[in-house]
Each structure stands twice: as C-alpha cells, then as structure tokens.
Amino acid sequence: MSQSRKEFLKTGVAGLAGMGTFTATQVAAKESSAAKKISNGLSSDKINTVKPVVLSTWIHGIVANEEAWKVLENGGTSLDAVELGVKTAEADPTNQSVGLGGFPDREGRVTLDACIMNHEQQCGSVAFLEHIVHPISVARKVMEETPHVMLVGNGALQFAEQQGFKRQNLLTEASENAWRKWLEDSKYAPVINVENHDTIGMLALDDSGNISGACTTSGAAYKMHGRVGDSPIIGAGLYLDNEVGGAVATGLGEAVIRSAGASVAVELIRQGYTPQQACDEVIARIISKEKEPKSLQVGVIALNKQGVVGGSAIHPGFNYALLSKEQENGMIDAPHLFKEE
Ligand code: GLY
C-alpha cells in the first residue's frame, strides 16, 4: 500500500470517529452545512493531485480501472478509458449486477441501463435495453451517431443492431436459478451491498485535463418489467461538467433520481465544496429526504478538475477503486453517514 493511501485510511478512520452519532434527524436539521461538518478530518481530499486519475465503484472497479489505465497511461482520452473500463464488468458473467449475467427482472428478462458523458458536455444513454452485452458502447453510439441523448427498449435494441451490435442471451444459468428461487416468494426487497457489486460507475481525468464518466448496470434484481433506475439518467446516476468535475452514483436508483444525486454533487463542487464534502452532502440529503434510509444503500463518488476525489455512502460496505499516477490501484472505504437514532 502506498504511503498516501495508508495516511488516508488512518486519517479517514479518525475523521469518522469524530463524526460521533449523527442521526438521520440531525442530518435533516443540518441541511447544507452538514457535509462540511461530517467530512472534517477526512483526508481523501488530499490524495490524487496528479493526473491521470480513474476511479470506479465497488470491487469490480479494480479490474475496470486497470483496463481504463491502459488508455490513460498512453495519453488516451478519458472517454475511451471509461468506456473500455466499464466494459470489463459488463462482460463478466459472474458479475450479477451489470451486463451479461445480470439478475433479471421479475419476468426473467435481463434489461440494462447505461450512460456516458464526455468533456464537451455530450452524453448518450440507453435504458431498458435487452440482449446486448455492452450497453455502454451503445450509449456512446447514441451520443456520437444520433441527434438524441437517450434511447430505450426496442428502439435502443433496433439502433444497437443497426450499429452492428449482436444479440445474445444475457441470462446465465446462475442468474436464472436465482430468479427461479426468488419466484417462490416473489418478495421485492433490494439488498444492500449485494456481494460488493452494484452499478459500475467510473470517472476519469486524462492527461489533457479532460473528464469523462460512464455508468452501467442491470439494475435492481427482480425489478418490475420496464423499470429504469438512475444509471442511464444524466444528472442522477452520472453528471459532469469539465470546468468543475464529475460524479457517479450507485445503489437504489429511485433514491438517487429523487435527489438528482450526481448533478447536485457537481454543482456543490462548483460552489467550492471538495469532492468529499459534495458526496457527503448528497448522501446527507438523501438520508434526510428518504422515508426509510435505514433500508436502502446509495453510494456516490466524485472527482474534480485537480484530480481530487471523494466518496460517501448511507451505510457501511460501499467502497471504490482508485488509480492514478501517484496512487496504486486499490479500494477506498467510503465513510457512511446513517446512524440509528
Ligand atoms: N443504481 C442502479 C439501479 O438502481 O438501477
């Protein structure tokens, strides 16, 4: 472990201890000043001041970062890096929260959501897309080849096939078996931190100083057919402004959409918040607004133009992978802000 990461972990824990018992009610009362108080002492703001930088949600971010790094270390663009990075999770059949092998909806159909955004404020998105293993690449095609931002369902599939993407069965035996077992009770209850996986969201800052982001998921397991989460929604699951920074979210999409998670984080960075403070504030708001924050997880990560990063979550267990010119690829445990009253 590099010295800077060791220092971060040490100071980070001290910072969390300093938070004391911060209840959901207190979070609500503190409103916008909460994040600054919560994040006192956290030193993630001190790491990663040298570009290029890539960070991505959950443990699958390690492999994704490595792939993205091949682009970044050769002076490639952050856009290519984030697309190639998240494709690793999409292609992994053992990853049951993204792409191939994702848990299906309650009708047994794997439906995918993804979006991508570049430093020129261009973006593309697909939602409720079936049969295509790399929705992130279809999203990029939407951005680059159409006058639109978002295509959904059959229209997205039709477009993907026109672009040369091949149909394939995304439902693996393992995910089909899990779904058949789920059918026995048919109880919809999204689980917090499923196997340290969920949406993969990635942000990268390249050698030229440009930020891009990508976000891709199979969504909540056993969701209603037709349900779309936050991951393809620009401003919710992903947002960036190359003058300021970027953010991506993971966890229960409905909660992220209701709080416009990623765009709020970026706007807070614009106002002078550090990425850590911005993530804390988004999470604090979600805790204060949601009826049952105890039973849902959301994680947010963010990056600013200087390569400073941050991440925060409602509950323990959310982490993100970070890799930069100065930082070996490794997991950072995000602080968690929900405390029982
Ligand atoms: N964040 C992924 C989803 O809720 O679909």
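This report concerns the structure included in the present document. What you see is a predicted model; the values in this text were computed from it and never measured.

### Let's talk about the overall build of the chain
Alright, step 1. Secondary structure summary: the chain contains eleven helices and twelve strands in total.
Alright, step 2. Of the contacts made within the chain by residues no fewer than 6 positions apart, 69% connect residues no fewer than 24 positions apart.
Alright, step 3. In the structure as shown, the chain presents an accessible area of about 13,500 Å², 50% of it carried by carbon and sulfur atoms.

### Re the site of the ligand
Alright, step 1. In the vicinity of the ligand, the contacting residues are Asp198, Thr199, Gly219, Ala220, Arg227, Gly229, Asp230, Ser231, Gly251, Leu252 and Gly253.
Alright, step 2. In this structure, a nitrogen atom belonging to the ligand sits 3.0 Å away from a side-chain N or O atom of Thr199.
Alright, step 3. Across the shell around the ligand, the residue classes tally to two nonpolar, six polar and three charged.

### Quick look at the sheet that holds strand β11 (residues 319–324)
Alright, step 1. Strand order in this open sheet of eight strands is β4-β3-β2-β6-β5-β1-β11-β12, and the pairing throughout is mixed. Each end of this open sheet is capped by a strand with a single partner; those strands are β4 (150–152) and β12 (330–333). Strand-to-strand twist in this sheet, taken as the mean axis angle between neighbours without regard to direction, amounts to 15°.
Alright, step 2. In terms of strand pairing, strand β5 (residues 200–205) meets strand β6 (residues 211–217) through six bridges, oriented antiparallel. Residue pairing across strands places Leu205 opposite Ile211, the latter belonging to β6.
Alright, step 3. Taken strand by strand, helix α6 (residues 135–145) contacts β2 (112–117), β3 (123–129), β4 and β6, and its axis lies near 130° from that of β3.

### Considering unusual backbone geometry
Alright, step 1. Between Lys51 and Pro52 the backbone carries a cis peptide bond, its omega angle lying at 0°.
Alright, step 2. You will see that Phe128, though not glycine, has its phi angle at about 55°, which is positive.
Alright, step 3. Structurally, Phe128 can be placed in strand β3.

Calculation notes
- Residues numbered from 1 in each chain as written.
- Predicted model: local features only at pLDDT ≥ 70, side-chain atom pairs only at ≥ 80, totals over all residues.
- Heavy atoms only, no water.
- Helix = DSSP H or I, 4+ residues; strand = E, 2+ residues; numbered from the N terminus.
- Contact = heavy atoms within 4.5 Å.
- Areas by Shrake-Rupley, 256 points an atom, 1.4 Å probe, with all protein chains shown as cover.
- Near = heavy atom within 4 Å.
- Polar contact = N/O pair within 3.5 Å; in protein donor to acceptor, adjacent residues only side chain to side chain.
- Nonpolar A, V, L, I, M, F, W, Y, C, P; charged D, E, K, R; others polar.
- Pairing = 2+ DSSP bridges.
- Axes fitted to C-alpha atoms, helices over the stretch in contact; angles between N-to-C directions.

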